[in-house]
Amino acid sequence: MKIKINFDIISFFLISSFPILLISGPFLSDLFCILLSLIFIIYNLKYRKWLDFIKNNNFYFYFFFIFFIYLNVNSLFSFNPKISFASSFPFIRIVLFIFALSFFINNNKKTYKSIYVISAFSFFFLFIDTIAQYFFGLDIFGNAQANPNRISSFFRDELIMGSYVSRLLPIILGVSFLFKFEKKYFFNLIILSIAGVLVALSGERLAAFYFIGLFIVYFLLTKKHVLKFGTLIIIFLVASISYKPVIIDRFYKDTIRQINQTGSIFSYRHTLHYKTAYDMFLDEKILGHGLKSFRYKCSDQRYEKKIKEKQNLDLNNKNSGYIIEHKNGCNTHPHNIYFEFLSELGILGIIFLLTMLFYTTYKLIHYSLKNVFKKKINEIEVGRSLILTGIFLQLFPMVPSGSYFTNWMMIIFHLSVGFYLSTLKLKND
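The rules behind these values
- Residues numbered from 1 in each chain as written.
- Predicted model: local features only at pLDDT ≥ 70, side-chain atom pairs only at ≥ 80, totals over all residues.
- Heavy atoms only, no water.
- Helix = DSSP H or I, 4+ residues; strand = E, 2+ residues; numbered from the N terminus.
- Contact = heavy atoms within 4.5 Å.
- Buried < 20%, exposed > 50% of the residue type's maximum accessible area, 1.4 Å probe, protein only.
- Salt bridge = Lys/Arg side-chain N within 4 Å of Asp/Glu carboxyl O.
- Disulfide = S-S within 2.5 Å.
- Phe/Tyr/Trp six-rings, centres within 6.5 Å; stacked < 30°, edge-to-face > 60°.
- Lys NZ or Arg CZ within 6 Å of the ring centre and 35° of its normal.
- Axes fitted to C-alpha atoms, helices over the stretch in contact; angles between N-to-C directions.
- Parallel < 35°, antiparallel > 145°, perpendicular 65-115°, else oblique.
- Left-handed = near helix turned anticlockwise from the far one by under 90°.
- Nonpolar A, V, L, I, M, F, W, Y, C, P; charged D, E, K, R; others polar.
- Core = buried A, V, L, I, M, F, W, Y, C linked by side-chain atoms within 4.5 Å.

**Q** Would you explain the overall build of the protein chain in this entry?
**A** Scanning the protein chain for helices and strands turns up 18 helices and two strands. Look at the contacts in the protein chain between residues 6 or more apart in sequence, and 73% of them connect residues 24 or more apart.

**Q** Is there a simple way to think about the side chain of Ser102 in this case?
**A** Summarising the element assignment, Ser102 is placed in helix α7 (residues 92–107). You can call Ser102 buried: its relative accessible area is 2%. Apart from residues no more than four positions distant in its own chain, Ser102 is found in contact with Gly418, Leu421 and Ser422.

**Q** Looking at this model, I keep getting lost on the pattern of salt bridges. Mind explaining?
**A** Two side chains bearing opposite charge may form a pair once their charged atoms approach each other closely. Here the structure, examined in full by the defined rule, presents five salt bridges. Among the ionic pairs, Asp30 bridges to Arg93, the shortest N-O distance being 2.8 Å. Of this pair, Asp30 sits in helix α3 (residues 26–47) while Arg93 is found in helix α7, placing the two residues 63 residues apart along the sequence. Accessibility expressed as a relative area gives 12% for Asp30, which makes it buried. Assessed through its relative accessible area of 10%, Arg93 is described here as buried. Among the ionic pairs, Lys184 bridges to Glu379, the shortest N-O distance being 3.4 Å. Here the residue Lys184 occupies a position in helix α10 (residues 184–202), and Glu379 occupies one in helix α17 (residues 379–395), the gap between them amounting to 195 residues. The exposure class assigned to Lys184 is buried, which follows from its relative accessible area of 6%.

**Q** Please clarify how the state of the cysteines should be interpreted in this entry.
**A** As used here, a disulfide is simply a covalent bond connecting the sulfur atoms of two cysteines. Within this structure, the stated rule accounts for one disulfide. One disulfide bridge connects Cys298 with Cys330, the sulfur atoms lying 2.0 Å from each other. With the S-S dihedral at roughly 110°, the linkage between Cys298 and Cys330 falls on the right-handed side. Note that Cys298 is positioned in the loop between α15 (294–297) and β1 (307–311) and Cys330 in the loop between β2 (322–326) and α16 (337–372), a separation of 32 residues in sequence. Of the residues examined, Cys298 reaches a relative accessible area of 1% and is grouped as buried. Classification of Cys330 as partly exposed rests on a relative accessible area of 28%.

**Q** Sorry if this is basic, but what is going on with unusual backbone geometry here?
**A** Peptide bonds are, in most cases, trans, and in most cases residues other than glycine have a negative phi. Of note in the backbone geometry, Ser153 takes a positive phi value of approximately 50° without being a glycine. Accessibility expressed as a relative area gives 1% for Ser153, which makes it buried. Positioned with a positive phi, His335 is a non-glycine residue whose angle comes to about 65°. Relative to the helices and strands, His335 resides in the loop between β2 and α16. Under the relative-accessibility criterion, His335 is labelled buried at 18%.

**Q** Is there a simple way to explain the packing of aromatic side chains in this structure?
**A** Working definition: an aromatic ring pair is given by the centre-to-centre distance plus the angle between the planes. One pass over the structure, following the stated rule, counts 49 aromatic pairs. Measuring from centroid to centroid gives 6.0 Å for Tyr60 and Tyr359, while their planes differ by 80°, and the two rings are edge-to-face. Taken together, the residues span a long stretch of sequence, with Tyr60 in helix α5 (residues 58–76) and Tyr359 in helix α16 at a distance of 299 residues. The class for Tyr60 is buried, based on a relative accessible area of 18%. Look at Phe392 and Phe396: their rings are 5.9 Å apart centre to centre, the planes differ by 70°, and that puts the pair in the edge-to-face class. With a relative accessible area of 26%, Phe396 lands in the partly exposed category. Positioned above the aromatic ring of Tyr367, the side-chain terminus of Arg384 is 4.9 Å from the ring centre.

**Q** What's the story with the packing of helix α1 (residues 7–16) against α3 in this structure? I'm lost.
**A** Close contact between α1 and α3 brings their axes to 10 Å; oriented N to C, the two are set at 160°. In terms of their interaxial angle, α1 and α3 are classed as roughly antiparallel. Every pair of crossing elements has a handedness; the one defined by α1 and α3 is left-handed. Across from Phe7, Ile10, Ser11, Phe13, Leu14 and Ile15 in α1, the residues of α3 making contact are Phe32, Leu35, Leu36, Ile39, Ile42, Tyr43, Lys46 and Tyr47. Of the residues assigned to the contact of α1 with α3, the class counts are 12 nonpolar, one polar and one charged.

**Q** Which parts of the structure should I look at to understand the packing of α10 against helix α11 (residues 205–222)?
**A** When two helices pack together, their arrangement is given by the angle between their axes and by how far apart the axes lie. Between α10 and α11, the least distance of the axes is 10 Å, while the angle of their chain directions is 160°. When the interaxial angle is binned, α10 and α11 end up roughly antiparallel. Here the hand of the crossing between α10 and α11 comes out left-handed. Between α10 and α11, the contacting residues are Tyr185, Asn188, Leu192, Ala195, Gly196 and Val199 on the first element and Ala207, Ala208, Phe211, Tyr218, Phe219 and Thr222 on the second. Class assignment for the residues of the contact of α10 with α11 results in nine nonpolar, three polar and no charged.

**Q** Looking at this model, I keep getting lost on the nonpolar core. Mind explaining?
**A** One finds Phe91, Phe104, Phe123, Tyr164, Phe405 and Phe419 to be the most contacted residues of the largest nonpolar core, which totals 111 residues. Beyond its immediate chain neighbours, meaning those up to four positions away, Tyr164 contacts Pro19, Leu22, Ile23, Ser122, Phe123, Leu126, Phe155, Trp408 and Ile412. Formed by five residues, the second largest nonpolar core is a distinct cluster that contains Ala277, Met280, Phe294 and Tyr303.

Below is the structure:
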């Protein structure tokens, strides 16, 4: 007895689940990533679509496939091939995930609407839980707030709620322009407002940067409800600061203190990470030390660097306080994907990252300029621009970031890439 597989229903379910899975953590989101990739392989083997697929996606397919090959060749010459191969070889699932997303979304355009609806409900439940923690210090299940000064909602000890919201938001806003939705601007205004509250209460400065960048692009392209949104955000900020002044600390006081400490927007810890990563790069310029090498090599004596941290500063007096010296720039990663690529993958590796950055920048400018000065916008191009904005912001080089190669980060970043590729075959009715 033959088992008939309904690829459209299975892929629709898998893709639509990601907004919820990403809240649950890396395990389920990674599992569903693998399942979607396997379904994609089975489909192409069954219907012999490989050649057509490669032909229709030749540039993108070859780019990510060559990147995958490079990661594994690089692992051969790594500081520890066993450790590096554990990250480089499984990257094939991400390559398949990108094209599985694009392929199955194009086969079932209803996926755009389902992602919008499910993501909106995910934001709403995060908002309810966040408000409960904000006022009562307990989530909706009665658990104590994980951090007294930052709210993480269902993410608990992982303080990444702002990261989740700000990285998923460009997809949500983008897909609202890719299906028939008459009240998109009204509901997008609500989603933007909820997202702004979640990002602010998360205390994540990088998420705030992503949110502001997307906010600017969205209103430049749509020119809708700018005044209403601005008014809502100002009211919220004034009320929040009045109720809990500590909220402003990470966004203003800590930033000013950080600038006074190091003379830059980067903290002393990040500065030390970057110095260590750069010194590692100088030792292995072409290939780097291999994936996952930073956490093991950074403690070498040759990479010790002294950096001065000023403590107990008076914000109005740059010369106040006392000084502590730090020598070790160790961590699991350098907290910037460009320094991560330089130290672990070398010049050859960072070429791939720079190619993604320059391509994304060019396409974002191209599609945005075509619509920003028009009274009647091309909705598909606006949707594409918003998704590209999310990719561009995550590739922006001048800010701290998580590791490119952690499971959760890879999935949420390449989710955007897959959705962008799905828009390339769309045409206006």
